[in-house]
Amino acid sequence: MKPFGLVSLFILAALPAYAHIGRALQVPSASDLASDFPVSSRRHHLRARASPKNAADMAKIQDPSQECQEYGYSASQALSKKYPGYHIASLVDGDDQAQQVWSEVQQSGIIPSDIQPRGATKGHYGISDQSSDSYNNDKDPDCWWTATGCTSPKHPNIGDDLTSCPEPNTWGLTFDDGPNCSHNAFYDYLSKNNLKATMFFIGVNVLDLPFQAQRALADGHDICLHTWSHRYMTTLSNEQVFSELYYTMRIIKDVVGVTPRCWRPPYGDVDDRVRAIAAGLGLRTIIWSHDTDDWNIVPDGTEATSKIDSNYQKIIDKQTQNKLDGKGVNVLTHELTENTMGEFQKEFPKIKEAFTNVVPLTACFNVTQPYAENQYKYPIFADFIKGNVNPQGLPSLDQMPQINVSSKIDVTPEKQQTSAGGFSSASKSVDETTESDDADTSSSKSGNGSASQSSSDSSTEGSSKDGGSNSSAAAVSLCMSGLLVPILLSFAML
Ligand SMILES: [Zn+2]
């Protein structure tokens, strides 16, 4: 398998020249993106020194340069033929399974016909001025988060987005853009500190780094989607939106063996058209309530480390100054570079001092069954904070199943997922008196998090702080990248 796509994505992320697009959106300039995914195989020129045979082997490697060596696995060629390449996903020729699911989503009638794709710029890495300026922010007919921060859909059959963690004094721990090839030290740190997180994985990264993806499940984290190629989803066609989500669901099922039921839009860019397609695929949309902007940390980004420190501190200060309205936070951080991962490790002691609890979103929302597969059981909040942090039934690193090709996935529309403990807005609450042997410790109200949501929950504040436009709640909350920057380490070795 050629990881050139990842390398290229990294190149895009690291480009120094940026154009100012729309409201405070910064994306690579047009000339930078002239060749969207230039072929590069520099990783192939590295001397092969590490050849992990499985996830257990991979987890033992401590040298980041060795972690990021290309490695083959038995199903890699067959798998890559069944998936889109390193570009915006679309239906793969001859993929009857995908075509059937796509037909079912279309025929369900869930996709609004009155919302068109936004004007796109820069290879769908940005939204045009015209598109954002002509949108009616006051009426916000499409519940377009990028324009207004809207999280309560205005079209039918779509659940509200999940934003803040409803549990007070609680830091909801999330990491986007993984799996990262050199994440072992970081995952070791999480394990050592009994921390579990919600991981939002990019499809092409799972395809290229299956053993790293498997480690996330074995370590007890929960896995959600972060699309196939990390574009502004509202700029894509219906079929592209479907494919970006569907193929990421399926690669996670093929590689890790679970079918996620949650996703986070890159850059937070979602409207009711995109939400509806996700809901048709059974996915709950998750935004965030607070943003560290860690993706932009130097040297890969442009913000000084002190600025990112300050962003973390502002969230901590809100807690210590009682400015969170009795809610917890759902914080956007990234498994993107050594520096973003290192930044969390540096800040964690302060976080731990200020917040009583640091938990994954499954615990925040009392989600015990985050996947279509029901044999895995994640702890509810009350159990998690008592120290019972490990989900039940997960395979260990040594027990990871063989990687499959084109697994059939269970697609149940989001509103039809009514069993207890799911991410769905229709999921029944988990009865804590039966789930927990000490119900008094629980302050939770809902099994699906819907109780935490109010319309246009403006606690999504990554925006106002340096956006300069009160209508661009999302504009500067860039969940940047897609871009396996850890490949940087490989470059550094050359
Ligand atoms: Zn992202």
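Each value, and the rule that gives it
- Residues numbered from 1 in each chain as written.
- Predicted model: local features only at pLDDT ≥ 70, side-chain atom pairs only at ≥ 80, totals over all residues.
- Buried ≥ 20, exposed ≤ 12 C-beta atoms within 10 Å, placed from the backbone.
- Helix = DSSP H or I, 4+ residues; strand = E, 2+ residues; numbered from the N terminus.
- Pairing = 2+ DSSP bridges.
- Axes fitted to C-alpha atoms, helices over the stretch in contact; angles between N-to-C directions.
- Parallel < 35°, antiparallel > 145°, perpendicular 65-115°, else oblique.
- Left-handed = near helix turned anticlockwise from the far one by under 90°.
- Contact = placed C-beta atoms within 7 Å.
- Core = buried A, V, L, I, M, F, W, Y, C linked by C-beta atoms within 7 Å.
- Arc of directions from axis to C-beta.
- Right-handed = clockwise from strand over helix to strand, strands pointing away.
- pLDDT = per-residue confidence, 0-100.

Let us now look at the pairing of strand 6 (residues 198-201). Taking every second residue as pointing to the same face, both faces of strand 6 are buried, with Thr198 and Phe200 on one and Met199 and Phe201 on the other. Here four bridges tie strand 5 (residues 170-178) to strand 6, and the two strands are oriented parallel to one another. Opposite Asp176, over in strand 6, you have Phe200 as the bridge partner. Across four bridges, the pairing between strand 6 and strand 7 (residues 222-225) is parallel. Note that in strand 7 the partner of Met199 across the bridge is Ile223.

Quick look at unusual backbone geometry now. Residue Pro179 follows Gly178 across a cis peptide bond; omega there is -10°. Counting through the fold element by element, Pro179 comes out in the loop between strand 5 and helix 8 (184-192). In the segment running from Val298 into Pro299, the intervening peptide bond is cis, with an omega of 5°. As for its position among the elements, Pro299 is in the loop between strand 10 (290-291) and helix 13 (305-320).

Looking now at the packing of helix 13 against helix 14 (residues 338-354). Two elements in contact, helix 13 and helix 14, have axes whose closest approach is 10 Å; the angle formed by their N-to-C orientations is 15°. With respect to each other, helix 13 and helix 14 are oriented roughly parallel. For the pair helix 13 and helix 14, the sense of crossing is right-handed. Here Ile308, Tyr312, Ile316, Gln319 and Thr320 of helix 13 lie close against helix 14, whose contacting residues are Glu343, Glu347, Lys350, Ile351 and Ala354.

Glancing now at the nonpolar core. Ranked by size, the top nonpolar core spans 107 residues in total, and within it Phe201, Ile223, Leu245, Ile252 and Ile277 carry the most contacts. Leaving out residues up to four positions away in the same chain, Phe201 has contacts with Gly178, Pro179, Val206, Ala213, Ile223, Leu225, His226 and Ile252.

As a further point, take the environment of Leu236. Here Leu236 is to be found in the loop between strand 7 and helix 11 (238-256). Distance from Leu236 to Ala89, taken between C-alpha atoms, is 9.8 Å for residues 147 residues apart in sequence. Each residue touching Leu236, except ones within four places of it in the same chain, is listed here: Ile88, Pro117, His124, Arg231, Val241 and Glu244.

Note on helix geometry: an α-helix contains 3.6 residues per turn, so any two residues three or four positions apart are oriented the same way. By the burial criterion, the buried members of helix 8 are Asn184, Tyr187 and Leu190. Across the axial projection of helix 8, the buried residues extend over an arc of 125°, all falling on one side. Contacts from the buried residues of helix 8 go to helix 2 (55-60), helix 3 (64-67) and helix 10 (210-218). Downstream of helix 8 by one or two residues, Asn194 has phi in the positive range, about 55°.

Moving on, we get to the pairing of strand 5. The side chains of a regular strand alternate between the sheet's two faces. Across the nine residues that make up strand 5, a large majority, nine, are buried. Of the pairings in the sheet, the one linking strand 5 to strand 12 (residues 357-359) comprises three bridges and is parallel in character. Each bridged residue has a counterpart across the sheet, and for Trp171 the counterpart in strand 12 is Val358. Both strand 5 and strand 11 (residues 329-334) contribute to a ladder of six bridges, which runs parallel. Bridged to Thr174 within strand 11 is Leu332. For the handedness criterion, the β-α-β arrangement of strand 5, helix 8 and strand 6 is classed as right-handed.

Chain-level statistics for the chain give a pLDDT mean of 82 and a share of 77% at 70 or above. In this model, residues 433-447 is a region of pLDDT below 50 whose contacts with residues beyond four sequence positions or in other chains number 38 contacts. Counted against residues more than four places away or in other chains, residues 449-494, with its pLDDT under 50, gives 147 contacts.

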